[in-house]
Amino acid sequence: MLKKINNNGNISQIATKFQGRKTNVSEEVNQIVQNIVDDIRAKGDEALFDYAKKLDGYKLTKENLTVTPAERVAGLEKIDPDYLRILQRAKKQIEEFHKHQLGNSWTTYKENGVIMGQIARPLERVALYVPGGTAAYPSTVIMNAVPALLAGVEDLVIITPVKADGLVNPNILAAAEVCGISTIYKVGGAQAVAAVAYGTSSIPKVDKIVGPGNLFVATAKKICYGIVDIDMIAGPSEVLIIADEYANPKYVAADLMAQAEHDKLASAILVTTSEKLVVLVNKELDRQVKSLERREIIESSIENYGGAILVDTLDEAFEVSNQLAPEHLEILTQDSLAQLPKVKNAGSIFLGEYTPEPLGDYMSGSNHVLPTGGTAKFYSGLGVYSFVKYSTFSYYPKAILATFKDDVEAFAESEGLTAHANSIAVRFDEADEAKNTNKGE
Ligand SMILES: NC(=O)c1ccc[n+]([C@@H]2O[C@H](COP(=O)([O-])OP(=O)(O)OC[C@H]3O[C@@H](n4cnc5c(N)ncnc54)[C@H](O)[C@@H]3O)[C@@H](O)[C@H]2O)c1
Ligand SMILES: N[C@H](CO)Cc1c[nH]c[nH+]1
């Protein structure tokens, strides 16, 4: 049952409550994760193996740390060929979408001989975190891998937790196979993040860690940021649905629960102009939840982090949504496309009643690794750009440098940086001018 959240025009109060699920828990979790990171940093493999045993029940050693070729073959034998077809189809869809993000190198040649530009280069070594706690996410393998491969990353490894049996879910093995990733470390949680961030004697350090995870994973990424790059804080899932009186309550309820089922900390919020819709959605929630396998998680997340916000106008609904900056925003109103310009902050936007958010989780082509907890105000979802860094370059002929000489020297002196000024000045020493051999430049 969606609790009514009183709007009262005080949007920031609602935002604080919504984002509170991140900050309240973080305070509690932060210390646990900091200890894990410190231990891995100080003791490397030894601490990694201890945490794997303590938290996931797996007796990890140097020898059983990665998925072996035999395990891969055994896992893949369990896969239905039609499942492989579905994975291939998803990969193709995601590739098509992400190809539009390619190509950010550029060069400009000026008439005066100056050449300037920017070169995009792929990161060399990246770890993809694939959650494996309460559910297995083969879709996340593809969502992480496709943009990385398109960017040209050559060394891609997966980190994913295993339980006591030490087996990686065959569907994850299949997704890794479809993407051509062969190194899979059987470690998850904060300890895996710290291990790839700092490197241990069995796991080489990476340049970047991408992918979603629970609060422990998200907090570890935050703590390790700077030692490595991270994509964003992609934590417990969220959906916010903006709906008017024409929305179908059956679809609204189904879509709220589709995100609520991820995690007890997931959040599902309806913002609507129609009080009647809230009543009907609640009836649908009660009816549909009975047949869903993850009923307990759904009921818990909707009870604690779900709600219905009643607003007077759709414009007000968008103000609320922009303040909350949800991971997923569904717009279930008349003429949904016309509403798009009103969205300022959202990870991924789903327009109209036949673009349910789970289509984007698997097949629409857009990425499902997205910012959560209000961070869509400043983070973007995963894309090719997440795996690329840029170097700028410039080439100036002497005659053009001469036209900047006095201004650059004065600018440098204004900062008290006389060595900077000198670096320009020495190039115009009269004595050198006479014997300058580098005339072409
Ligand atoms: N935002 C996105 O793009 C996106 C996409 C997919 C999934 N998700 C989210 O990813 C998350 C997946 O979470 P999950 O738990 O299923 O898998 P997970 O792999 O993220 O976390 C499991 C690990 O957490 C660690 N852990 C569990 N309890 C702990 C404790 N008390 N102390 C220290 N470490 C502990 C364990 O090492 C365990 O292996 C969900 O929150 C889901 O909503 C987000
Ligand atoms: N909805 C998740 C992002 O929050 C992604 C996902 C994976 N599998 C299903 N859904």
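Before reading further, recall that the structure is shown in the block above.
Let me sum up the structure you'll find in this document.

Criteria and thresholds
Residues numbered from 1 in each chain as written. Chains lettered and ligands numbered in written order. Predicted model: local features only at pLDDT ≥ 70, side-chain atom pairs only at ≥ 80, totals over all residues. Heavy atoms only, no water. Axes fitted to C-alpha atoms, helices over the stretch in contact; angles between N-to-C directions. Helix = DSSP H or I, 4+ residues; strand = E, 2+ residues; numbered from the N terminus. Parallel < 35°, antiparallel > 145°, perpendicular 65-115°, else oblique. Left-handed = near helix turned anticlockwise from the far one by under 90°. Contact = heavy atoms within 4.5 Å. Nonpolar A, V, L, I, M, F, W, Y, C, P; charged D, E, K, R; others polar. Phe/Tyr/Trp six-rings, centres within 6.5 Å; stacked < 30°, edge-to-face > 60°. Buried < 20%, exposed > 50% of the residue type's maximum accessible area, 1.4 Å probe, protein only. Near = heavy atom within 4 Å. Polar contact = N/O pair within 3.5 Å; in protein donor to acceptor, adjacent residues only side chain to side chain. Areas by Shrake-Rupley, 256 points an atom, 1.4 Å probe, with all protein chains shown as cover.

1. Remarks on the packing of helix H15 (residues 398-414) against helix H16 (residues 418-425)
So, step 1. Running from N to C, H15 and H16 cross one another at 165°; their axes reach a closest spacing of 8 Å. By the angle between their directions, the pair H15 and H16 is classed as roughly antiparallel. When you trace H15 past H16, the crossing you get is left-handed. Every residue of H16 that contacts H15 at Leu 401, Lys 405, Val 408, Glu 409, Ala 412 and Glu 413 is listed here: Thr 418, His 420, Ala 421, Ile 424 and Ala 425.
So, step 2. Residues of the contact of H15 with H16, tallied by class, amount to 6 nonpolar, 2 polar and 3 charged.

2. Re the packing of aromatic side chains
Aromatic rings considered in pairs are described by the distance between their centres and by the relative angle of their planes.
So, step 1. For the structure shown, the criterion picks out 3 aromatic pairs.
So, step 2. For the ring pair Tyr 251 and Tyr 354, a centre distance of 6.3 Å and an interplane angle of 65° mean the geometry is edge-to-face. Here Tyr 354 lies in the loop between strand S13 (348-351) and helix H14 (357-362) and Tyr 251 lies in helix H9 (residues 249-260), a separation of 103 residues in the sequence.
So, step 3. Note on Tyr 354: relative accessible area 63%, which makes it exposed.
So, step 4. Each ring, one from Phe 378 and one from Tyr 379, has its centre 5.1 Å from the other, and the planes form 55°; the classification is tilted.
So, step 5. A residue is classified by how much of its surface remains accessible, and Phe 378, at 60% relative accessible area, is exposed.
So, step 6. The class for Tyr 379 is partly exposed, based on a relative accessible area of 29%.

3. What to know about the environment of Gln 288
So, step 1. Mapped onto the fold, Gln 288 is located in helix H10 (residues 275-289).
So, step 2. A residue is classified by how much of its surface remains accessible, and Gln 288, at 15% relative accessible area, is buried.
So, step 3. Residues in contact with Gln 288, not counting those within four places in the same chain, are Lys 250, Ala 253, Ala 254 and Met 257.

4. Regarding the site of ligand 1
So, step 1. In the region of ligand 1, 28 residues are neighbours, and Asp 56, Tyr 129, Thr 134, Asp 263 and His 368 sit closest.
So, step 2. Contacts to ligand 1 include Ser 237, whose side-chain N or O atom sits 2.9 Å from an oxygen atom.
So, step 3. Interatomic distance of 3.1 Å between a backbone N/O atom of Leu 370 and an oxygen atom of ligand 1.
So, step 4. For ligand 1, the protein covers 87% of the area, taking 860 Å² as the surface of the free molecule.
So, step 5. Listing elements by their share of the shell around ligand 1, those giving two or more residues are helix H2 (45-56), helix H7 (189-198) and helix H8 (215-224).
So, step 6. Among the residues making up the shell around ligand 1, the classes are represented as 13 nonpolar, 12 polar and 3 charged.

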